[in-house]
Amino acid sequence: MNENRTPLRRAGWAALVYLIAGFAWIAFSDTAAEAWFPDPQTLSLVQTWKGFLFVLTTGLVLFVVLLRQLTKDRALLTLQHNQRQALRKRERQLQVLMDNLPGMAYRCRYDPHWTMLFVSQGCARLTGYEPEDLINNRVASYASLMDGEDNERIMTEVQAALDKDESFSLEYALTRQDGSRIWVWERGRGVEEEDGSVVLEGIVLDISDRKTLENELEELATRDPLTGLFNRREMSRVLEEELERARRYQRPMAVLWVDFDHFKDVNDTFGHAAGDSVLRSISRLLLGSVRSVDTIGRFGGEEFVIVLPEMDLEEARETAERLRRKVADEPQPLGNGQTVPLTISVGIAVYPDHGQTASALCAAADTAMYLAKERGRNCVAMAHLHDRVHNQ
Ligand SMILES: Nc1nc2c(ncn2[C@@H]2O[C@H](COP(=O)(O)OP(=O)(O)OP(=O)(O)O)[C@@H](O)[C@H]2O)c(=O)[nH]1
């Protein structure tokens, strides 16, 4: 209650109380003294002692009031000093924490530039820009470090989090000042300022190492380690995807089933390492001989599957024949400076002629490949139309 009074009002009240008490004392004590001590000599003595009493009392009151006030002031000053010390300590700790983040802390506006109002020192390590370069978009805006589509996606995600008053987590790529690319993870939330506007506060961490590891793991899960081609699982996924597209747009699609001829002889004669070298070399050769829309996978052993979107029977036959000739014409390196001639047998199945499903097409192409082997190898065979009936 007292805290609401202004110092002037409080001092005014104290002075008023003092004046009233003083005047009352002078007025009533003189009258009372004259009434009780009619003798002028005694009265004079009483007046003197009365004066002493007044000075003593007011002095005591002044002493108590001043003591109380000064004690309070000192306690307040000590409290303020301790609070300032604690604040400085926390600021220092926060600074150390922010400067040692594997990234940066920030405060920014929710605008198309992500205008930075504050960024910690880690900004230089993360982006290559000094904090003052990014603050208020002085040299570059944070948005200019992001990819265009990422920026739009992030704007939408952050808006959704702001609407729900929740924090947001984002992953996106940044282009640093030197042009190198990094992956970052950001977590932040909207904070209302004193003027009612909303700013974003959070941290941005470099997760490039994690991303590289994730990509490597993804590669391991989808690629054949020897040839680098898609493995059976990934190839099956691609086949389903292409088949779905062919169905939707009512376009043909071909599957080639490629098997090396007498590959066992290569292994037996030159060793397994030489066989591996041949597998790698033919993989490269096949990969370099198809269109960018075509996909090659190693299904296992020396069997390869090639998916050729938008290819009908005749085009597929021509492609298979071209691949067969290319392999036959080029002796394969054994890895020791020597080469070995090798041929392939290719089975062809085409959607929708030989099958409607991935498994039906694979089975038809595989059967056609055995037909090519039966015909003496180093040749191409088309699946029979009646295979379609068996496969469905
Ligand atoms: N070097 C090497 N050989 C492999 C690999 N995978 C499978 N093979 C070999 O491929 C050979 C396949 O032999 P077969 O199935 O008998 O067929 P082929 O000798 O090619 O004869 P045809 O297919 O009948 O013309 C086997 O010797 C396998 O050991 C591999 O990753 N590396």
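Quantities reported herein were computed from a predicted structural model and do not represent experimental measurements.

### Quick look at the sheet that holds strand β7 (residues 295–300)
If you walk across this open sheet you meet the five strands as β7-β8-β6-β11-β12, and the pairing is mixed. One side of each edge strand has no neighbouring strand; the edge strands of this open sheet are β7 and β12 (380–382). Strand after strand, the sheet turns through a mean of 20° between neighbouring axes, direction not considered. As paired elements, strand β11 (residues 344–351) and β12 share three bridges and run parallel to each other. By the bridge assignment, V346 is partnered in β12 with V380. Its contacts with the sheet place helix α7 (residues 232–249) against β6 (253–260), β7, β8 (303–309) and β11, and it is angled at close to 135° to β7.

### Description of the site of the ligand
The environment of the ligand is formed by 16 residues, the closest being F263, D276, R298, K373 and R377. The side chain of N267 places a nitrogen or oxygen atom 2.8 Å from a nitrogen atom of the ligand. D276 places a side-chain nitrogen or oxygen 2.7 Å from a nitrogen atom of the ligand. Looking at the shell around the ligand, the elements with two or more residues in it are β6, α8 (263–270) and α9 (272–287). A total of four residues in the shell around the ligand trace back to one element, the largest contributor, which is α9.

### Quick look at the environment of Q332
By the element assignment, Q332 lies in strand β9 (residues 332–333). For Q332, a relative accessible area of 0% translates into the label buried. Q332 sits 47 residues away from L285 along the chain, and the two C-alpha atoms are 9.8 Å apart. Q332 has contacts with V278, S281, I282, L285, V327, Q338, T339, V340 and L342, leaving out every residue within four places of it along the chain. A polar contact is formed between the side chain of Q332 and the backbone oxygen of E330, at a distance of 2.6 Å.

### Considerations on the sheet that holds strand β4 (residues 181–192)
Taken together, five strands build an open sheet; the order of strands is β2-β1-β5-β4-β3 and the sheet is antiparallel. Strands at the two margins of the open sheet, each flanked by one partner only, are β2 (116–119) and β3 (168–175). Across the sheet, the mean angle separating the axes of adjacent strands is 30° when strand polarity is ignored. As paired strands, β4 and strand β5 (residues 198–206) are joined by nine bridges and run antiparallel to one another. Following the sheet pairing, V184 is matched in β5 by D206. Taken strand by strand, helix α5 (residues 148–163) contacts β3, β4 and β5, and its axis lies near 160° from that of β3.

### Some points on a negative patch on the surface
Together, E192, E193, E194 and D195 line one region of the surface with negative charge. When you line up the elements, E192 lands in strand β4. Residue class for E192 comes out exposed when judged on its relative accessible area of 61%.

### A few points about the nonpolar core
Counting residues in hydrophobic clusters, the biggest one holds 32 residues, and the most contacted among them are L256, F260, V278, I306 and I348. Mapped onto this core, the elements with two or more residues apiece are β6, α8, α9, β8, α10 (313–329), β11 and β12. Broken down by element, this core gets its largest block of residues, six residues, from α9. Contact partners of L256, with chain neighbours within four places excluded, come to F304, V305, I306, L308, A316, A320, L323, V346, G347 and I348.

### Notes on a positive patch on the surface
On the surface, R84, R88, K89 and R92 cluster together into a patch of positive charge. The residue R84 is located in helix α2 (residues 40–99) in this model.

### Looking at the confidence of the model for the protein chain
Of all residues in the protein chain, 97% have pLDDT values of 70 or greater, and the mean over the chain is 92. The weakest mean pLDDT in the protein chain belongs to helix α12 (residues 387–391) at 44; the strongest belongs to β6 at 98. Low confidence marks residues 388–392, where pLDDT is under 50. Its contacts with residues over four positions away, or in another chain, come to 11 contacts. Interface confidence for the predicted complex, expressed as ipTM, amounts to 0.97; the pTM equals 0.63.

Parameters at a glance
- Residues numbered from 1 in each chain as written.
- Predicted model: local features only at pLDDT ≥ 70, side-chain atom pairs only at ≥ 80, totals over all residues.
- Heavy atoms only, no water.
- Pairing = 2+ DSSP bridges.
- Helix = DSSP H or I, 4+ residues; strand = E, 2+ residues; numbered from the N terminus.
- Axes fitted to C-alpha atoms, helices over the stretch in contact; angles between N-to-C directions.
- Contact = heavy atoms within 4.5 Å.
- Near = heavy atom within 4 Å.
- Polar contact = N/O pair within 3.5 Å; in protein donor to acceptor, adjacent residues only side chain to side chain.
- Buried < 20%, exposed > 50% of the residue type's maximum accessible area, 1.4 Å probe, protein only.
- Patch = residues over 30% accessible without salt bridge, like charges linked within 9 Å, V, L, I, M, F, W, Y side chains within 5 Å.
- Areas by Shrake-Rupley, 256 points an atom, 1.4 Å probe, with all protein chains shown as cover.
- Salt bridge = Lys/Arg side-chain N within 4 Å of Asp/Glu carboxyl O.
- Lys, Arg positive; Asp, Glu negative; His and termini not counted.
- Charge placed at Lys NZ, Arg CZ, Asp CG, Glu CD.
- Core = buried A, V, L, I, M, F, W, Y, C linked by side-chain atoms within 4.5 Å.
- pLDDT = per-residue confidence, 0-100.

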